[in-house]
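One letter stands for each residue in the lines below.
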Amino acid sequence: MFKVYDISMTIEKGMPVWGNHEGKQPEINSQPTSPDGVNESRIDMDVHCGTHVDAPLHMLPEDGSTIETIGLEELVGNARVLDFTDVNDSITREDLEKHGLQKGEFILVKTKNSFTDSFESDFVFLREDGARYLVEVGVRGIGTDGLGIERSQAEYPTHRTLFRNNVIIVEGLRLKEVPPGSYFMVIAPLKLTGIEAAPARALLIGNG
């Protein structure tokens, strides 16, 4: 038997959004039921809303690739959840070195971010030296339970270090119920093209 963890955020009005800006809330409009009994709804949302995959174009406007260039084979496979719930500010190189990272790994960082249902301005993020270490090791991707992998830092060094070295970034995961360890991961971004991100459904599959 196996256990499936849904590690994606629910898209709904009032959900946590970056900076708690009302304008970033998704708009979901249900149309009145038509005379023939058909219901239809419309949604208007930022592609960085909730759980999503970033593409390099997000932070590399001159030469960054767009979301369709990230193949599904890069987002499906083995992943490891790492416990950083004792970290209060930022994940550093020193924090990461304790976990024996391996080349080609996809890691998911579980922090105190997963234990709040609101956007906190002091959320735990990946510091630039941590990003450089991930590049040195050769990880293929990192997922975070923050709505961003870094706070609003000048020049966005964490994003840009990872993007320039082909490390995939997934943001907005929910890892509260997931024990640290190894899982089979499925991250399925919406099939969009020509833009810098896509909302995604994210699952982990482990032993029951």
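Since we're looking at a predicted model, the values are computed, not measured.

Draft legend 1. Inspection of the overall build of the protein chain at higher detail. Counting its secondary structure elements, the protein chain contains three helices and twelve strands. Against the globule reference of 17 Å for 208 residues, the protein chain gives a C-alpha radius of gyration of 17 Å, in line with a compact fold. Referenced to the eigenvectors of the C-alpha coordinate spread, the extents of the protein chain come out at roughly 60 × 45 × 30 Å. Counting across all 208 residues of the protein chain, residues that qualify as buried make up 47%. Restricting to contacts in the protein chain with at least 6 residues of sequence separation, those with at least 24 account for 74%.

Draft legend 2. Molecular detail of helix α2 (residues 128–137). When α2 is considered as a whole, its buried residues turn out to be D129, G130, A131, Y133, L134 and V137. Taken together, the buried residues of α2 touch β6 (90–91), α1 (93–97), β7 (106–110), β8 (125–126), β9 (141–144) and α3 (157–163). Looking one or two residues beyond α2, the residue adopting positive phi is G138, at roughly 95°.

Draft legend 3. Broad picture of the pattern of salt bridges. Following the criterion strictly, the structure yields eleven salt bridges and no others. Its salt-bridge partner being E105, residue R80 comes within 2.7 Å of it at the nearest N-O pair. Taken together, the residues R80 in strand β5 (residues 76–83) and E105 in the loop between α1 and β7 connect sequence positions 25 residues apart. Residue R80 is classed as buried on the basis of its relative accessible area, which comes to 18%. Take E105: its relative accessible area is 15%, and that puts it in the buried class.

Draft legend 4. Representation of the side chain of H159. Along the chain, H159 falls in helix α3. Given a relative accessible area of 4%, H159 falls into the buried group. Within the structure, the side chain of H159 is placed 3.5 Å from the side chain of D54, a separation counted as a polar contact. Excluding anything up to four places from it in sequence, H159 contacts D54, H58, M59, I149, E150, I169 and E171.

Draft legend 5. Broad picture of the packing of aromatic side chains. Enumeration over the complete set of coordinates arrives at four aromatic pairs. Judged by centre distance (5.2 Å) and plane angle (55°), the ring pair of W18 and F119 falls under tilted. You can see W18 sitting in the loop between β1 (2–6) and β2 (27–30) and its partner F119 sitting in the loop between β7 and β8, a full 101 residues away along the chain. Among the residues examined, F119 registers a relative accessible area of 12% and is labelled buried. By the ring-pair criterion, three or more aromatic residues cluster together here, those being W18, F119 and F123.

Draft legend 6. The environment of G143, seen in detail. By the element assignment, G143 lies in strand β9. Take G143: its relative accessible area is 0%, and that puts it in the buried class. Each C-alpha atom, one on G143 and one on V170, is 4.4 Å from the other, the two residues being 27 residues apart in sequence. Not counting residues up to four positions away in its chain, the partners in contact with G143 are F106, I107, L108, V109, V170 and L173.

Draft legend 7. Looking closely at unusual backbone geometry. Positioned with a positive phi, N20 is a non-glycine residue whose angle comes to about 55°. Looking at where N20 falls in the secondary structure, it is placed in the loop between β1 and β2. In the Ramachandran plot, Y156 falls in the positive-phi region, its phi being about 45° despite a non-glycine side chain. Among the secondary structure elements, Y156 is positioned in the loop between β9 and α3. Since its relative accessible area comes to 32%, Y156 is described here as partly exposed.

Scoring rules and cut-offs
- Residues numbered from 1 in each chain as written.
- Predicted model: local features only at pLDDT ≥ 70, side-chain atom pairs only at ≥ 80, totals over all residues.
- Heavy atoms only, no water.
- Helix = DSSP H or I, 4+ residues; strand = E, 2+ residues; numbered from the N terminus.
- Rg over C-alpha atoms; globule rule 2.2 N^0.38 Å.
- Buried < 20%, exposed > 50% of the residue type's maximum accessible area, 1.4 Å probe, protein only.
- Contact = heavy atoms within 4.5 Å.
- Salt bridge = Lys/Arg side-chain N within 4 Å of Asp/Glu carboxyl O.
- Polar contact = N/O pair within 3.5 Å; in protein donor to acceptor, adjacent residues only side chain to side chain.
- Phe/Tyr/Trp six-rings, centres within 6.5 Å; stacked < 30°, edge-to-face > 60°.

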